Amino acid sequence: MSRTLQEQAATEAETTRQAVATAEAAIADARSREALARKAVTDTTIRAPFTGFITSRPVAAGEYVTTASTVATVMKLDPIRLRLQVPELEASRLRAGQQAAATVEALEAPRFQGRIVAINPALDAATRATIVDVTIANPQGAIRAGMFATADVALGDSERALFVPREALLEDANTNSFRVFAVDGQTARLRIVQPGVSTDAVVRIVSGLAPGDQVAPGDLAELYDGAAVRPDGR
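In this text, all values refer to a predicted model and were calculated from it rather than measured experimentally.

1. Quick word on the overall build of the protein
Then comes step 1: Across its full length, the protein holds two helices and twelve strands.
Then comes step 2: Across the protein, helices and strands are ordered from the amino to the carboxyl terminus as α-β-β-β-α-β-β-β-β-β-β-β-β-β.
Then comes step 3: For the protein, the C-alpha radius of gyration of 36 Å lies well beyond 17 Å, the compact-globule estimate for 234 residues.
Then comes step 4: Each principal axis of the C-alpha distribution contributes one length, and for the protein these read about 140 × 40 × 35 Å.
Then comes step 5: Counting all 234 residues of the protein, 23% fall into the buried class.
Then comes step 6: A separation threshold of at least 6 residues defines the contact pool for the protein, and within that pool the share at least 24 residues apart is 57%.

2. Digging into the sheet that holds strand β11 (residues 187-198)
Then comes step 1: Here five strands make up an open sheet; going across it, the order is β8-β12-β11-β10-β9 and the pairing antiparallel. Here the strands that pair on one side only, and so sit at the sheet edges, are β8 (162-165) and β9 (170-172). Strand-to-strand, the axes of this sheet are offset by a mean angle of 55 degrees, without reference to chain direction.
Then comes step 2: Summarising the sheet, β8 and strand β12 (residues 202-207) pair through four bridges and their orientation is antiparallel. In the sheet register, F163 faces β12, and the bridge partner there is R204.

3. Points about the nonpolar core
Then comes step 1: Ranked by size, the top nonpolar core spans 17 residues in total, and within it L82, L84, V86, V132, V134, I136 and I143 carry the most contacts.
Then comes step 2: Elements with a minimum of two residues in this core: β3 (80-87), β4 (99-104), β5 (112-123) and β6 (129-136).
Then comes step 3: Looking at this core element by element, the count peaks at four residues for β3.
Then comes step 4: If we ignore the near neighbours within four places in the chain, the residues touching V134 are I80, R81, L82, L84, A100, G114, R115 and I116.
Then comes step 5: Counting ten residues, the second-largest nonpolar core is a separate cluster that includes V164, A168, L209 and V215.

4. As for unusual backbone geometry
Then comes step 1: The peptide bond linking D78 to P79 adopts the cis configuration, its omega dihedral lying at 0 degrees.
Then comes step 2: Positionally, P79 belongs in the loop between β2 (73-75) and β3.
Then comes step 3: With a phi close to 55 degrees, R128 is a non-glycine residue in the positive phi region.
Then comes step 4: If you trace the backbone, R128 turns up in the loop between β5 and β6.

5. With respect to the layout of surface pockets
Then comes step 1: Considered as a void within the structure, the second largest pocket measures approximately 420 Å³ in volume.
Then comes step 2: Here the lining of the second largest pocket is built from residues that sort into ten nonpolar, four polar and three charged.

6. A few points about the sheet that holds β3
Then comes step 1: A sheet is described by the order of its strands in space; here five strands give the open sequence β3-β6-β5-β4-β7, paired in antiparallel fashion. Edge positions in the open sheet fall to β3 and β7 (149-153), since each of these has one partner strand only. On average, each strand axis in the sheet is tilted by 40 degrees relative to the strand beside it, whichever way the strands run.
Then comes step 2: Here eight bridges tie β3 to β6, and the two strands are oriented antiparallel to one another. When the bridges of β6 are listed, L84 appears paired with V132.

7. Here's the deal with the pairing of β12
Then comes step 1: For β11 and β12, the ladder comprises three bridges, and the chain directions are antiparallel. Within β12, the residue paired with P195 across the bridge is I205.
Then comes step 2: Here β11 hands over to β12 after three residues, the two strands then running antiparallel side by side.

Rules used throughout
- Residue indices follow the written sequence of each chain, beginning from 1 at its first position.
- This being a predicted model, a pLDDT of at least 70 is required before a residue's local features are given, and a value of 80 or more before pairs of side-chain atoms are given or counted; all residues contribute to the totals for chains, interfaces and linings.
- Only hydrogens and water are set aside; all other atoms, that is, all heavy atoms of the structure, feed into the side-chain values.
- Each helix is a run of DSSP H or I of at least 4 residues and each strand a run of E of at least 2, with the numbering of both proceeding from the N terminus.
- All radius of gyration figures rest on C-alpha atoms, and the globule criterion is 2.2 Å times the number of residues raised to 0.38.
- The buried label applies to any residue whose accessible area, calculated with a 1.4 Å probe on protein chains only, is under 20% of its type's maximum; exposed applies above 50%, and partly exposed to all values in between.
- The contact criterion used throughout is that any non-hydrogen atoms of two residues lie within 4.5 Å.
- In this description, strands pair whenever DSSP reports at least two bridges between them.
- Here an angle of 0 to 180 degrees is reported between the N-to-C directions of two axes, which are lines fitted to C-alpha atoms, with helices fitted over the stretch in contact.
- Grouping buried Ala, Val, Leu, Ile, Met, Phe, Trp, Tyr and Cys residues that are joined through side-chain atoms within 4.5 Å yields what is termed a nonpolar core.
- Here a cavity means grid points, on a 1 Å grid over the protein atoms only, where a 1.4 Å probe fits yet cannot get out; a pocket means an open set of points with protein on both sides within 12 Å along at least five of seven lines; lining residues are those with an atom within 4 Å of a point.
- Grid points are joined across faces, edges and corners, and a volume is the space filled by probe spheres set on the points.
- Note on residue classes: Ala, Val, Leu, Ile, Met, Phe, Trp, Tyr, Cys and Pro are nonpolar, Asp, Glu, Lys and Arg are charged, and everything else, Gly too, is polar.

In structure tokens:
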């Protein structure tokens, strides 16, 4: 009889342990489902990874979306990035960290100061230019995305350069080349040149002319190689 009671007690104890283990597993499962439910609720709130401005919101409240849907486009404007097109002959002189002063045509503000942060190693096949990225502090949001700007880059050194009036440079669209007419005594001589940076008034000549060369400043349509010119170069 004593052995029967012991066996019965052992059986009840084992049953109790199994019941406790089952209950603990149910609690763990409930906690897991609760965590998933909380995450599902949290996922209904979308937070931007940075402070910025919403430029596009293609969905409306209550509309069904998936993980592949775009619910908003957020743009960061401070700092803002200026993308410059730099001719290939000038791009080799640029380095990350160089200072740049940008002028935004749509704003009557003074120049905005920035610095080069990236230089694309590849050239655009159509323009033969390199894309250079300049970051500019824009705390007030005065500069908006898409505005057109130009910039001067401080190269950190100085060098002598040749410049000619913009009117003296002739572009040949057929050969994609540039030329000027150098004045040799009273004769015009055609010179193929490589232009560099330019302003509204002058163009830097990288190659094709020598210091001291005189060029015809205008009336280029009437000139040809070997044409007679007056002593004043016209």
